[in-house]
Amino acid sequence: MARPKPDFPAAEKLLALADADGRLCVRVTPGARSQGVEIESGRVLVKVRTKPEDGKATAAVVDLLGQALGIPASRIALLRGATSREKMFRILPEA
């Protein structure tokens, strides 16, 4: 049985939570039952199935954020929180 595709909020709503420099703070839940991106009380919450081992969960978060924003994952850079649930990413402008 195929897993359902995750639901995403509108990319504009996610981008509205980023600051003027394109920094976006995210709360991550690794090892979740389902994957998804949601906005709750003005915060971005990302749930991934991947366990937090060797940066695999962070890579999964970057991929999921890219899907939610409709941009390639290569335009999302981790600024802070490599081993934390609270992460900060920068959304790089198009070249």
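Scroll up for the structure.
In this text the structure is predicted, and so the values were computed from the model without any measurement.

Caption draft 1: Broad picture of the pattern of salt bridges. Under the definition given, this model contains four salt bridges. Across the salt bridge formed by Glu86 and Arg27, the nearest N and O atoms sit 3.0 Å from each other. Here Glu86 is found in strand 5 (residues 86-91), whereas its partner Arg27 is found in strand 1 (residues 23-29), with 59 residues between them in sequence. With relative accessibility at 37%, the residue Glu86 sits in the partly exposed group. As a salt-bridge pair, Glu86 and Arg43 come within 3.0 Å of each other at their nearest N and O atoms. With a gap of 43 residues between them, Glu86 in strand 5 and Arg43 in strand 3 (residues 43-47) connect regions that are remote in the sequence.

Caption draft 2: The arrangement of helix 2 (residues 56-69) in detail. The terminal C-alpha atoms of helix 2 lie 20 Å apart, and with 14 residues this matches the ideal 20 Å at 1.5 Å per residue to within 8%. With respect to burial, helix 2 is a largely interior element, ten of its 14 residues being buried. The set of residues buried in helix 2 consists of Ala57, Thr58, Ala60, Val61, Val62, Leu64, Leu65, Gly66, Ala68 and Leu69. Buried residues along helix 2 sit against helix 1 (11-16), strand 1, strand 2 (36-40), strand 3, strand 4 (76-80) and strand 5. Directly after helix 2, the chain includes Gly70, whose backbone phi takes a positive value near 70°.

About the cut-offs
Residues numbered from 1 in each chain as written. Predicted model: local features only at pLDDT ≥ 70, side-chain atom pairs only at ≥ 80, totals over all residues. Heavy atoms only, no water. Salt bridge = Lys/Arg side-chain N within 4 Å of Asp/Glu carboxyl O. Helix = DSSP H or I, 4+ residues; strand = E, 2+ residues; numbered from the N terminus. Buried < 20%, exposed > 50% of the residue type's maximum accessible area, 1.4 Å probe, protein only. Expected span 1.5 Å × (residues − 1). Contact = heavy atoms within 4.5 Å.

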